[in-house]
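What follows is the residue order along each chain.
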Amino acid sequence: MASENYKTAPQPETTTSWEKEPARPPVAPPRPPPASHLALVDVVLRFLLFASALVAVLVMVTSKQTEIVPIPFYPYRAPASAKFTHSPAFIYFVAALSVVGFYGIITSLISLFSLLRPRSCPKVVSHFIIFDVLFLGVVAAATGTAGGVAYIGLKGNSHVGWRKICNVYGDFCRHIGASVAVSLFASVVLVLLVLFSIRSLTKKIPK
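Residues numbered from 1 in each chain as written. Predicted model: local features only at pLDDT ≥ 70, side-chain atom pairs only at ≥ 80, totals over all residues. Heavy atoms only, no water.

In the nomenclature of an unreviewed UniProt entry, the protein chain corresponds to CASP-like protein from the organism Forsythia ovata. Quoted verbatim from the Subunit (unreviewed entry) heading of the UniProt record, the comment on the protein chain is "Homodimer and heterodimers." Recorded under Subcellular location (unreviewed entry), the UniProt text for the protein chain is reproduced unchanged: "Cell membrane". (UniProt positions renumbered as here; feature names shortened; annotations may be inferred.)

Okay, structure coming up:
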């Protein structure tokens, strides 16, 4: 019987679109690049620059000392004071380190903001190297002039008849020496800032 031998062809299995391809998870937005260790070092060095400049200025401006010294009318003696305002080199030192300290705290805040948000102000941070080199020269000049005057006060100069004063104004000379030493440390910090800035800039140059 023909009706019994008749067989229908198997129907192909149909699947919906969601059965063919599994749903893809949502793509997360790209994360900002991680902060470089050079950026963290930059923030620390700039804070050290501010701190060293501030300490150098404070030590210099508190270097006043009054002693009883002999006057030309022997055997009379009179009080005489020694302070940083008596030397133009020390005045320049205080002015220069004050500007450098202000520069240090401003750049520290900008670098910290750039560290927290790496894409916020990269161009501003990259231009810091220009001012770093400029203020390195300022601090080096101030340290050299103050150190030269301090050396004359410590040793004197017999060739021109300049007498030493540190045997009389000991505390004053110790303040001056400590202030010059701290400013020398600030110069070293600026040198390191220049080197780190150069290294960070070279990393941005395409090879």
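**Digging into the nonpolar core**
Counting 31 residues, the largest nonpolar core has Leu 49, Met 60, Phe 90, Phe 93, Leu 97 and Phe 172 as its most contacted members. Only helix 3 (37-61), helix 4 (88-116), helix 6 (128-155) and helix 7 (170-204) provide two or more residues apiece to this core. For this core, the leading source of residues is helix 7, giving 8 residues. Apart from residues no more than four positions distant in its own chain, Phe 172 is found in contact with Ser 63, Gln 65, Ala 82, Lys 83, Phe 84, Phe 90 and Ile 165. (Core = buried A, V, L, I, M, F, W, Y, C linked by side-chain atoms within 4.5 Å. Buried < 20%, exposed > 50% of the residue type's maximum accessible area, 1.4 Å probe, protein only. Helix = DSSP H or I, 4+ residues; strand = E, 2+ residues; numbered from the N terminus. Contact = heavy atoms within 4.5 Å.)

**Observations concerning the environment of Tyr 169**
Position of Tyr 169 among the secondary structure elements: in the loop between helix 6 and helix 7. Along the primary structure Tyr 169 and Ser 81 are separated by 88 residues, whereas in three dimensions their C-alpha atoms are 8.8 Å apart. Not counting the four nearest positions on each side in its chain, Tyr 169 is found in contact with Gln 65, Glu 67, Val 69, Ala 80, Ser 81 and Ala 82.

**Here's the deal with helix 6**
Between the first and last C-alpha of helix 6 there are 40 Å, a value that for 28 residues agrees with the 40 Å anticipated at 1.5 Å per step. Burial in helix 6 covers these residues: Phe 128, Ile 129, Asp 132, Phe 135, Val 139, Ala 142, Thr 143, Ala 146 and Gly 153. A positive phi of about 75° marks Gly 156, the residue just after helix 6. (Expected span 1.5 Å × (residues − 1).)

**Here we look at the packing of aromatic side chains**
All told, the structure shown has 4 aromatic pairs when counted by the stated rule. A centroid spacing of 6.5 Å and a plane angle of 65° characterise the contact between Phe 90 and Phe 172, whose relative ring orientation is edge-to-face. Separated by 82 residues along the polypeptide, Phe 90 in helix 4 and Phe 172 in helix 7 bring together distant segments of the chain. Given the relative accessible area of 4%, Phe 90 is considered buried. A centroid spacing of 6.4 Å and a plane angle of 45° characterise the contact between Tyr 103 and Phe 131, whose relative ring orientation is tilted. Here Phe 131 lies in helix 6 and Tyr 103 lies in helix 4, a separation of 28 residues in the sequence. Residue classification places Phe 131 among the partly exposed positions, given a relative accessible area of 41%. (Phe/Tyr/Trp six-rings, centres within 6.5 Å; stacked < 30°, edge-to-face > 60°.)

**Remarks on the side chain of Ser 108**
Topologically, Ser 108 is positioned in helix 4. A polar atom in the side chain of Ser 108 sits 3.1 Å from the backbone oxygen of Arg 46. (Polar contact = N/O pair within 3.5 Å; in protein donor to acceptor, adjacent residues only side chain to side chain.)

**As for the environment of His 37**
The topology assignment puts His 37 in helix 3. Of the residues examined, His 37 reaches a relative accessible area of 51% and is grouped as exposed. Separated by 78 residues in sequence, His 37 and Leu 115 place their C-alpha atoms 9.6 Å apart.

**Overview of the state of the cysteines**
Here, disulfide denotes a covalent bond that connects the sulfur atoms of two cysteines. Within this structure, the stated rule accounts for 1 disulfide. Paired through a disulfide, Cys 166 and Cys 173 show a sulfur-sulfur distance of 2.0 Å. The S-S bond linking Cys 166 to Cys 173 shows a torsion near -90°; that makes this disulfide left-handed. The burial state of Cys 166 is the same as that of Cys 173; both residues are buried. (Disulfide = S-S within 2.5 Å.)

**What about the pattern of salt bridges?**
It is possible for side chains bearing opposite charge to pair when their charged atoms get close. Taken as a whole and judged by the stated rule, the model has 3 salt bridges. Where Arg 46 meets Asp 42, a salt bridge forms, and the shortest distance between an N and an O atom there is 3.0 Å. On the criterion of helical spacing, the pair formed by Arg 46 and Asp 42 is a turn pair, its members being 4 residues apart in helix 3. Using a relative accessible area of 0% as the deciding quantity, one classes Arg 46 as buried. On the accessibility criterion, Asp 42 (10% relative accessible area) is buried. Across the pair Arg 46 and Asp 132 runs a salt bridge whose closest N-O atoms are separated by 2.8 Å. Remark: Asp 132 occurs in helix 6 and Arg 46 occurs in helix 3; sequence separation between them is 86 residues. There is no split in this pair, since Arg 46 and Asp 132 are both buried. Through salt bridges that share partners, Asp 42, Arg 46 and Asp 132 make up one connected network. (Salt bridge = Lys/Arg side-chain N within 4 Å of Asp/Glu carboxyl O.)

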